[in-house]
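Structural characterization, general
Okay, here's what each chain looks like letter by letter:
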Amino acid sequence: MLFLARMDVTFPESMTAETKAEFQVKEKEYSGNLQREGRMRDIWRVVGEYANYSVYDVADNDELHTILSGFPMYPYMDIKVTPLAKHPNSIK
Ligand SMILES: O=C(O)CC1=CCC(=O)O1
């Protein structure tokens, strides 16, 4: 099953630059592993925002929830998920 997720990240004002940098390192590792496993198909930055769109190829809702809630930045994310179905006009 394919899902599109939009993640908006908001760190608390009180968080130090060092802590933010630590989150970014952990996030990159977690995200890279998902991509190598093929469970995250793609990730794109939303221009001008601390947000991304990413596409997941997973077995079911439960697997997606496990993945999303495992992101190190999860406590600071607002996530909107859209299930995707094949478009009848797609030539792929
Ligand atoms: O958009 C970001 O920088 C936060 C993030 C979520 C998944 C990821 O790889 O980065």
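Residues numbered from 1 in each chain as written. Predicted model: local features only at pLDDT ≥ 70, side-chain atom pairs only at ≥ 80, totals over all residues. Heavy atoms only, no water.

Brief notes about the confidence of the model for the protein
Do not read the fine detail of predicted coordinates wherever pLDDT is low. The line we're drawing: Confidence scores per residue from the predictor, reported as pLDDT, run from 0 to 100.
Put simply, the protein has an average pLDDT of 98, and 100% of its residues get 70 or more. The complex prediction reports pTM at 0.95, with the ipTM value standing at 0.96.

Here we look at the UniProt feature "domain: Muconolactone isomerase" (unreviewed entry) in the protein
To keep things clear, this is the line we draw: UniProt positions are given in the numbering used here, feature names are shortened, and annotations may be inferred rather than shown by experiment. Note on conventions: DSSP H or I runs of at least 4 residues are helices, E runs of at least 2 residues are strands, and numbering of each starts at the N terminus.
With numbering matched to this structure, UniProt assigns "domain: Muconolactone isomerase" (unreviewed entry) to residues 1-89. With 35% helix and 33% strand, residues 1-89 has its two end C-alpha atoms placed 19 Å apart.

Points about the site of the ligand
Note the threshold: When we say a residue is near a molecule or strand, we mean one of its heavy atoms is within 4 Å of it. In protein, a polar contact requires one atom able to donate a hydrogen and another able to accept it; more generally it is a pair of N or O atoms within 3.5 Å, and residues adjacent in sequence count only if both atoms are side-chain atoms. For the accessible areas, the method is Shrake-Rupley and the probe is 1.4 Å, while residue cover comes only from the protein chains on display. Think of it as three bins: nonpolar holds Ala, Val, Leu, Ile, Met, Phe, Trp, Tyr, Cys and Pro, charged holds Asp, Glu, Lys and Arg, and polar takes everything else, Gly as well.
Close to the ligand lie Met7, Val9, Glu27, Ser31, Ile43, Arg45, Tyr50, Asn52, Phe71, Met73 and Met77, which account for all nearby residues. Between the ligand and the protein, one listed contact pairs an oxygen atom with a side-chain N or O atom of asparagine 52 at 2.9 Å. For the ligand, whose unbound accessible area comes to 280 Å², protein coverage reaches 89%. When residues of the shell around the ligand are traced back to their parent elements, those giving at least two are strand E1 (2-9), helix H1 (17-37) and strand E2 (40-45). In terms of residue class, the shell around the ligand is made up of seven nonpolar, two polar and two charged.

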